[in-house]
Amino acid sequence: MYCIVLSLSFAAFFWISDIGFRRSIEATVDIASRTNLETIQRLMQRTAATGEDTLQHELTELSDVWANGALFEVADEKGKWIFRPARFAETYPPLPLVRDHNVAFFTANLDYFEYRIALQRVQVAGKTYEIHAAVPTEPFDQALDHFRLIEKEALPVLVLAASLLGYWLSGWSLAPVKRIIETAESIGAQNLSRRLEVPKARDELQRLTQTLNAMLERIENSFNKITQFTADASHDLRTPVAIMRTAAEITLRRPRTPVEYRDALSKILATSVETSELLENLLTLARADAGAIRTEMRPVDLAAHLRRAQERAAFLSADKDVDVTLEAPSIPVWVQGDAIAIDRLLLILLDNAVKYTPSGGHCEIALSRNDSHAEISVRDSGIGIAEADLKNIFDRFYRADRVRSKNSGGAGLGLAIARWITETHGGSIAVKSEIGVGSIFCVTLRALPEQHNAIDLNEIPATASPT
Ligand code: ADP
């Protein structure tokens, strides 16, 4: 394609040059014959008054000194030749006389040579004459032929040279693309950390490789997270299953008393409840990742939900001396949310607060709102989280202290779910904590305008919300 376009371009260029050259030659020849006409005219004006013989004599002399093969003839107004060289007479039939005083041009063959002839009717010493001045076009034609010859020879050479150069250039410029393809083909799950070589030239290819590398980085991170998630999930599922199996096997080894059977079954039941909670959480996150969870967004009164959550937290801390208090406005605080998801979010935060607070501690829930946002804070006087752990606690399966957390029964999925719920609601979740002092988790959600306060609170069930 490139060669075809190139050949056509060169051909078009030569064609246009040819036309231009020919036109400029014609213009040059016309100027030459016009100049000759003027010279003859001037001579005639000088000598015409002295009589026809002198005029003829002067014209003959002029014709003798005339250079470059130029010819001319002069006739009077009746068509009688005042001066006519043999060449005109022998080879050329009488010219049609021009009717006005403008210069006319035409091309004719005189004695086998081509001439450009300028014709003009002039007024000299009260008489009218017709002058024909001819200039041979051969030298100009030779120049044109020469030019065309060069064109003919240069065209294939130029096309060939430009094609070879183009071929080499395209190969050279596509070499990085080849390398990118080879590297990209070799990247798979086993070597996701490999990156494409970034070309030095600051061009589109450089941007493309940088973009692809950034994409690979993201894919690698997600892949690592999924791999880690799968490994953690299988590990966390294997442990309770092993516990249940061992408990059943040991119990069945010999006949047991009813109390022993009851103990074993209770242990199996407790572990299976824990396992089904873990499975439930895993399923939630997996469905959240797949975008398969449908949230029903409606106006939700956070104050009402927090009151219910406080009651539940009191139930959670029943076997522990942890005081749970709530400070919330007496009027509703409306946000757009999914009531079930918001209950779950509050439960996760309160469950953690109670779980990680030793007996005798306390947990404070607070709700506030400003013009645009509502903020829930859950503060506890618990064991706290180390600075180094803070940035990770929202990651799946992350437990600040694995042994300690495991003893408390957590799998490290609660806060990951809490973060997903907050983000689904367009809000944010943050934590501040100090080891041995306690932690505070803050959830910020976009509040609905105040007019929702007009809705009668008594008509609203605690977990559902008005439409
Ligand atoms: P878990 O089920 O282990 O509680 P979470 O995702 O809810 O999992 O929490 C992740 C980790 O963050 C916990 O294992 C715990 O180490 C730490 N954590 C969460 N909430 C608190 C809290 N209120 N006080 C101290 N540590 C906490």
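Residues numbered from 1 in each chain as written. Predicted model: local features only at pLDDT ≥ 70, side-chain atom pairs only at ≥ 80, totals over all residues. Heavy atoms only, no water.

**Student:** Please set out the overall build of the protein chain residue by residue, giving values where relevant.
**Tutor:** If you tally the helices and strands in the protein chain, you get 11 helices and 12 strands. At 52 Å, the protein chain has a C-alpha radius of gyration far larger than the 23 Å of a compact globule built from 467 residues. The dimensions of the protein chain, computed from C-alpha atoms along their principal axes, are 160 × 60 × 35 Å. Out of the 467 residues in the protein chain, the part that is buried amounts to 37%. Once local pairs closer than 6 in sequence are excluded, the contacts in the protein chain between residues at least 24 apart make up 63%. (Helix = DSSP H or I, 4+ residues; strand = E, 2+ residues; numbered from the N terminus. Rg over C-alpha atoms; globule rule 2.2 N^0.38 Å. Buried < 20%, exposed > 50% of the residue type's maximum accessible area, 1.4 Å probe, protein only. Contact = heavy atoms within 4.5 Å.)

**Student:** So, the confidence of the model for the protein chain: which residues are in play, and what are the values?
**Tutor:** Mean pLDDT over the protein chain works out to 86, with 92% of the residues at or above the 70 mark. Confidence drops under pLDDT 50 across residues 454-467; counting only partners more than four residues distant or on other chains, this segment forms 25 contacts. (pLDDT = per-residue confidence, 0-100.)

**Student:** Explain the nonpolar core to me, and be specific about the residues and the numbers.
**Tutor:** Membership of the largest hydrophobic core comes to 49 residues, with the highest contact counts inside it found for L302, L349, L415 and F441. For this core, the element with the highest residue contribution is helix α8 (residues 339-355), accounting for 10 residues. When residues of this core are assigned to domains, at least three map to each of domain 2 (204-289) and domain 3 (298-459). Among all residues touching L302, those that are not within four sequence positions of it are V333, V335, I342, L367, A374, I376 and L445. Counting 20 residues, the second-largest nonpolar core is a separate cluster that includes A48, W66, I82 and A133. (Core = buried A, V, L, I, M, F, W, Y, C linked by side-chain atoms within 4.5 Å. Domains from an automatic or database assignment.)

**Student:** Break down the sheet that holds strand β7 (residues 323-327) for me, citing the residues and quoting the values.
**Tutor:** Across the sheet, which stays open at both edges, the 5 strands sit in the order β7-β9-β10-β12-β11 with mixed pairing between neighbours. Both edges of this open sheet fall to β7 and β11 (428-434), since each of them pairs with a single strand only. Taking the axes of each pair of neighbouring strands and ignoring which way they run, one obtains an average angle of 10° across the sheet. Pairing between strand β10 (residues 373-380) and strand β12 (residues 438-446): 8 bridges, direction antiparallel. Bridging from a neighbouring strand, R379 pairs with I440 of β12. Where α8 meets the sheet, its contacts fall on β7, β9 (362-369), β10, β11 and β12, and the angle it forms with β10 comes to roughly 25°. Its contacts with the sheet put helix α11 (residues 414-424) on β11 and β12, and the angle it makes with β11 is roughly 140°. (Pairing = 2+ DSSP bridges. Axes fitted to C-alpha atoms, helices over the stretch in contact; angles between N-to-C directions.)

**Student:** A description of the domain arrangement of the protein chain should follow, citing residues and the corresponding values.
**Tutor:** Taken domain by domain, the protein chain holds domain 1 (2-144), domain 2 (204-289) and domain 3 (298-459). Here the C-alpha centroids of domain 2 and domain 3 sit 24 Å apart. With 12 residues of domain 2 at the contact, the number on the domain 3 side is 10 residues. Interface area, domain 2 with domain 3, both sides summed: about 1,100 Å², of which 62% is carbon and sulfur. Taken together, the connections running from domain 2 to domain 3 amount to 2 salt bridges. Salt-bridge contacts for R396 lead to D289; the nearest nitrogen and oxygen are separated by 2.8 Å. At the junction of domain 2 with domain 3, the criterion picks out 4 residue pairs in polar contact (both at pLDDT 80 or more). Of all the secondary-structure elements, those providing two or more residues to the side of domain 2 that touches domain 3 are α5 (204-252) and α6 (258-289). (Buried area = accessible area lost by both parts, 1.4 Å probe. Salt bridge = Lys/Arg side-chain N within 4 Å of Asp/Glu carboxyl O. Polar contact = N/O pair within 3.5 Å; in protein donor to acceptor, adjacent residues only side chain to side chain.)

**Student:** Could you give me a rundown of unusual backbone geometry, with the residues and numbers involved?
**Tutor:** Non-glycine residue A125 carries a positive phi angle of around 45°. Here A125 is to be found in the loop between β4 (113-124) and β5 (127-136). A positive phi angle is found at F397, which is not glycine, with a value near 65°. Here F397 is to be found in the loop between α9 (387-390) and α10 (402-407).

**Student:** Pulling in residues and values, what's your account of the sheet that holds strand β3 (residues 104-110)?
**Tutor:** By way of backbone hydrogen bonds, the strands of a sheet pair with one another, either parallel or antiparallel. The strand order across the open sheet built from 5 strands is β2-β1-β5-β4-β3, with neighbouring strands paired in antiparallel fashion. Where the open sheet ends on each side, the last strands, each with one partner, are β2 (81-83) and β3. Sheet twist, expressed as the average angle between the axes of neighbouring strands with direction ignored, equals 30°. Where helix α2 (residues 52-65) meets the sheet, its contacts fall on β1 (71-76), β2 and β5, and the angle it forms with β2 comes to roughly 55°.

**Student:** Which residues make up α8, and what are the values?
**Tutor:** The end-to-end C-alpha distance of α8 is 24 Å, a good match for the 24 Å that 17 residues give at a rise of 1.5 Å each. Taken across its 17 residues, α8 has 12 buried, putting it largely inside the fold. Burial in α8 covers these residues: A339, A341, I342, D343, L345, L346, I348, L349, L350, N352, A353 and V354. By the N-cap criterion, in which a side-chain oxygen at the helix start approaches the backbone nitrogen of a residue two or three places on, α8 is capped by D338, the distance to I340 being 3.1 Å. (Expected span 1.5 Å × (residues − 1).)

**Student:** Would you mind going over the site of the ligand in detail, with residue names and values included?
**Tutor:** In the region of the ligand, 21 residues are neighbours, and N352, Y356, D380, A400 and L415 sit closest. S439 places a side-chain nitrogen or oxygen 3.5 Å from a nitrogen atom of the ligand. By residue class, the composition of the shell around the ligand is 10 nonpolar, 7 polar and 4 charged. (Near = heavy atom within 4 Å. Nonpolar A, V, L, I, M, F, W, Y, C, P; charged D, E, K, R; others polar.)

**Student:** Lay out the pattern of salt bridges in plain terms, naming residues and giving numbers.
**Tutor:** Applying the stated criterion to the full structure yields 15 salt bridges. With its nearest N and O atoms 3.6 Å apart, the salt bridge here joins E197 to R179. Of the two residues, E197 is situated in the loop between α4 (138-186) and α5 and R179 in helix α4; the sequence distance between them amounts to 18 residues. The residue E364 makes a salt bridge to R379 at a minimum N-O spacing of 3.9 Å. Here R379 lies in strand β10 and E364 lies in strand β9, a separation of 15 residues in the sequence.

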